[in-house]
Amino acid sequence: MVQCSDALVWELTKNNTSFMRKVNGKTKRSGTVRFSVEKGNVKNISSYKYSGLANSKTVDVSATDDNRAALSTKSSKASTQPSKGQPVTPLNKSFRRVEKTITSQVADNNYRPDLKADALARYSAIYAGNRVAKGVKKSVPVKKGRGKAE
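Residues numbered from 1 in each chain as written. Predicted model: local features only at pLDDT ≥ 70, side-chain atom pairs only at ≥ 80, totals over all residues. Heavy atoms only, no water.

### So, the overall build of the chain
So, point 1. A tally of helices and strands in the chain yields 3 helices and 5 strands.
So, point 2. Helices and strands appear in the chain in the N-to-C order α-β-β-β-β-β-α-α.
So, point 3. Once the C-alpha set of the chain is aligned to its principal axes, its extents read approximately 60 × 45 × 25 Å.
So, point 4. Out of the 150 residues in the chain, the part that is buried amounts to 29%.
So, point 5. Put simply, 37% of the contacts in the chain that link residues at least 6 apart link residues at least 24 apart.
So, point 6. About 10700 Å² of surface is accessible on the chain, with carbon and sulfur atoms providing 52% of the total. (Helix = DSSP H or I, 4+ residues; strand = E, 2+ residues; numbered from the N terminus. Buried < 20%, exposed > 50% of the residue type's maximum accessible area, 1.4 Å probe, protein only. Contact = heavy atoms within 4.5 Å. Areas by Shrake-Rupley, 256 points an atom, 1.4 Å probe, with all protein chains shown as cover.)

Spelled out as structure tokens, the structure:
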């Protein structure tokens, strides 16, 4: 695989990639919103900052099949061996210990400190969803307007 700059990769993939999902807004003013579902995109927003394809250093927190979470970062092997280039760290301890793990992996060693808050927010959402899936916590019913509760 040929090495090229992150900016060039972004310019080539920003308008056309198989990972892009365009969602129409509810009003004419809001327009369409572009999401991106590639691995390494911690916010799923199609922008250079969050792109998992265009950046040489990426952070991703994802849910696993057994109702746990995993932190993956892109290593230096990713440019030549993409299948081995994203080491995965399982996040299966208590919430505070996982928070410390994410902070140490992402921000404390100056890997991508700008994505620390986004990675923690994504883990919080995955953690809450996993608690509901395991039956530890009940799901919150959705409120439907001002009418009578059914």
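### Observations regarding the sheet that holds strand β5 (residues 88-91)
So, point 1. Read from one edge to the other, the open sheet built from 3 strands follows the order β3-β4-β5, with strand pairing classed as antiparallel. On the outer flanks of this sheet lie β3 (59-63) and β5, each paired with one strand and no other. The average undirected angle you get between the axes of adjacent strands in this sheet is 25°.
So, point 2. Bridge count between strand β4 (residues 69-73) and β5: 4 bridges; the pairing is antiparallel. In the sheet register, Ala-69 faces β5, and the bridge partner there is Leu-91.
So, point 3. Running at roughly 160° to β5, helix α2 (residues 95-108) makes contact with β3, β4 and β5 of the sheet. (Pairing = 2+ DSSP bridges. Axes fitted to C-alpha atoms, helices over the stretch in contact; angles between N-to-C directions.)

### Examining the packing of α2 against helix α3 (residues 116-134)
So, point 1. Two elements in contact, α2 and α3, have axes whose closest approach is 10 Å; the angle formed by their N-to-C orientations is 150°. The orientation of α2 relative to α3 falls into the category roughly antiparallel. For the pair α2 and α3, the sense of crossing is right-handed. Packed against α2, whose contacting residues are Phe-95, Val-98, Glu-99, Ile-102, Thr-103, Val-106 and Ala-107, the element α3 presents Lys-116, Ala-119, Leu-120, Tyr-123, Ser-124 and Tyr-127 at the interface. (Parallel < 35°, antiparallel > 145°, perpendicular 65-115°, else oblique. Left-handed = near helix turned anticlockwise from the far one by under 90°.)

### Here we look at empty space enclosed by the protein
So, point 1. Taken as a whole and judged by the stated rule, the model has 1 cavity of 30 Å³ or more.
So, point 2. Approximately 60 Å³ is the volume attributed to the largest cavity.
So, point 3. Contributing to the lining of the largest cavity are Trp-10, Thr-13, Thr-17, Met-20, Ser-36, Glu-38, Ser-46, Ser-47, Ser-51 and Leu-53.
So, point 4. Taken together, the residues of the lining of the largest cavity break down into 3 nonpolar, 6 polar and 1 charged. (1 Å grid on protein atoms, 1.4 Å probe; cavity = no way out; pocket = protein on both sides within 12 Å on 5 of 7 lines; lining within 4 Å. Points joined across faces, edges and corners; volume = space filled by probe spheres on them. Nonpolar A, V, L, I, M, F, W, Y, C, P; charged D, E, K, R; others polar.)

### Here we look at the pairing of β3
So, point 1. Of the pairings in the sheet, the one linking β3 to β4 comprises 5 bridges and is antiparallel in character. If you follow Ala-63 over to β4, its bridge partner there is Ala-69.
So, point 2. With antiparallel pairing between neighbouring strands as the criterion, β3 and β4 make up a hairpin whose turn holds 5 residues, including Asn-67 at a positive phi of roughly 55°.

### Topic: the nonpolar core
So, point 1. Among the nonpolar cores identified, the biggest contains 16 residues, and Val-59, Val-61, Leu-91, Ile-102, Ala-119 and Tyr-123 are the most heavily contacted of them.
So, point 2. For this core, the secondary structure elements donating two or more residues are β3, β4, α2 and α3.
So, point 3. At 4 residues, α3 tops the list of elements feeding residues into this core. (Core = buried A, V, L, I, M, F, W, Y, C linked by side-chain atoms within 4.5 Å.)

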